[in-house]
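Residue-level structure breakdown
In case you want the letters, here they are:
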Amino acid sequence: MAVFLRITAAEYYLGDLRVFVSAPGWLAEGALYDAMSRTGDGSVELPFLYPPWVAVAFAPLSRVPFPLLAVGWTVLGMVALVGSVLLSLSLVTGLRTLRDPALLRSAAWWSAGLLWIAPVRHCLYEGQLALLLLLAVLVGVWSARPAVGSAIGLAAAAKIVPAAALPGLLLTGRRRAPAWAATGAVVPILLGWIAYPHASRTYLLDGSVLAAVERVGGVATVANQSLRAAMSRFTGSDIGWQWPWWAAAALLTVLAVAALIHRRDDRAVLLWVPTVLAAALFPLGWTHQWVWLIPMLVWLRRGPVRDERWARLLSGVWLFGLAAPVVELLLFVQQSNYIYARPLWQAVCGAAYVLGAAVTWAAAAVAGAPVRAGAADKETVPCP
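Residues numbered from 1 in each chain as written. Predicted model: local features only at pLDDT ≥ 70, side-chain atom pairs only at ≥ 80, totals over all residues. Heavy atoms only, no water.

With that settled, consider a nonpolar patch on the surface. Taken together, the side chains of V186, V187, L190, L191 and I194 define a hydrophobic patch exposed on the protein surface, amounting to about 490 Å² of accessible area. Relative to the helices and strands, V187 resides in helix 10 (residues 176-195). (Patch = residues over 30% accessible without salt bridge, like charges linked within 9 Å, V, L, I, M, F, W, Y side chains within 5 Å. Areas by Shrake-Rupley, 256 points an atom, 1.4 Å probe, with all protein chains shown as cover. Salt bridge = Lys/Arg side-chain N within 4 Å of Asp/Glu carboxyl O. Helix = DSSP H or I, 4+ residues; strand = E, 2+ residues; numbered from the N terminus.)

Next up on the list: helix 17 (residues 326-333). Along helix 17, the positions that sit buried rather than exposed are V327, E328 and L330. On an axial view of helix 17, the arc spanned by its buried residues comes to 165°, and they lie on one face. Looking at helix 17, the residues exposed on the side facing more than 90 degrees away from the buried face are L329 and F332. (Buried < 20%, exposed > 50% of the residue type's maximum accessible area, 1.4 Å probe, protein only. Arc of directions from axis to C-beta.)

Residue placement: M78 occurs in helix 4 (residues 66-93). Distance in space between the C-alpha atoms of M78 and V120 is 8.9 Å, their sequence separation being 42 residues. When neighbours within four sequence positions are excluded, M78 is seen to be in contact with L115 and L124. (Contact = heavy atoms within 4.5 Å.)

So, about the confidence of the model for the protein. For the protein, the average pLDDT comes to 87, and 89% of its residues sit at 70 or higher. Confidence drops under a pLDDT of 50 for residues 375-384, and excluding neighbours within four residues, the segment shows 22 contacts in the predicted structure. (pLDDT = per-residue confidence, 0-100.)

One pass over the full model with this rule turns up two salt bridges. Put simply, E328 and R121 hold a salt bridge, and the shortest N to O gap is 2.7 Å. Pair noted here: E328 is in helix 17 and R121 is in helix 6 (residues 118-126), with a separation of 207 residues, a long-range link. The residue R228 makes a salt bridge to D238 at a minimum N-O spacing of 2.8 Å. Of this pair, R228 sits in helix 12 (residues 227-235) while D238 sits in the loop between helix 12 and helix 13 (243-262), and the two are 10 residues apart along the sequence. According to the relative accessible area criterion, R228 is buried, its value standing at 10%. By relative accessible area, which is 25% here, D238 ends up partly exposed.

What follows concerns the environment of V348. With respect to the secondary-structure elements, V348 resides in helix 18 (residues 344-349). The sequence separation of V348 and A230 amounts to 118 residues, and the corresponding C-alpha distance is 8.3 Å. If sequence neighbours within four positions are ignored, V348 has contacts with F234 and L355.

What follows is about the packing of helix 15 (residues 293-302) against helix 16 (residues 309-323). Running from N to C, helix 15 and helix 16 point in directions that differ by 140°, and their axes come no closer than 8 Å. Taken together, the axis directions place helix 15 and helix 16 in an arrangement best described as oblique. Classified by chirality, the crossing of helix 16 by helix 15 is left-handed. Two secondary-structure elements touch here, helix 15 through L293, M296, L297, W299, L300 and R301 and helix 16 through W310, A311, R312, L314, S315, G316, W318, L319 and L322. (Axes fitted to C-alpha atoms, helices over the stretch in contact; angles between N-to-C directions. Parallel < 35°, antiparallel > 145°, perpendicular 65-115°, else oblique. Left-handed = near helix turned anticlockwise from the far one by under 90°.)

This is how it looks when you write it as structure tokens:
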């Protein structure tokens, strides 16, 4: 994987990690949301798009020599992938013993395969946080201890999408876990506000994240797989927050809610449906942010619906499409990150994540009778 990333994206390798380790210095200078880090051939500039407390958290890492940090950060991301797969398998099968040999064997095979899907590939070569946030949310959902729910809150305090997992805690009847999750979110943000009020006000109240869409590659680029980006590539201009976007967003939300209602007793569904919806609706829906598809893939292939023909078909299409370098090829053929007009085939391929999510929600909402996760497989977890 390291060789593959260096060959295909050497100029952009770990660009976001460079931003993270630069952020503490920018924060000290009072320019956290104004400074930019150049990457690639120098024409691409990346800003810091996280709350101030995240910059503080990276202060110790900013003192580590970057080559050493790059190796350690990549290994940490891969460990987060393995942990996320293991917990996802445990959720969908009902096996709570993480040391179960069959569970570990299945997790090893899954991790080896999912290492090559686009969201994971892009997360690793950009040096992003997505896999760590996914693991934090899965730990909070999987654990029966209410205090562990604070891991979900901590992830939500770093980025907006993980917050979509919070309603699932309420629907599972875990009354104290949401309170711990809220604490995990509020405490770091509050401490950041006390220490850096100006930067916190800029992040929380001035809309710096939503306004930064154009600063980090533009809405038009195919690397942005959000609903807004997909629709904009069809229309030939940035659709913004006009009524067609709201209508499409409402349709996606209805499909997601229908899937949740139909399978409300399945904890894995309560996790992946709202987080994938959040990834689609958030305007900065970069491919690495779609690591939330991992629990969905595990659910389709190894969960209670694994014997359903529709689930096997969808999982096969998803795995093939995510492993193939479709996004990389579309990035190569697109004229610019800022040109919206595309040939129809490019617009269709560039909307694959959103369209695939909609189809999967619809299928989960209407196909087959709901089965509680783990009810059909308590003893063994066959290897994929």
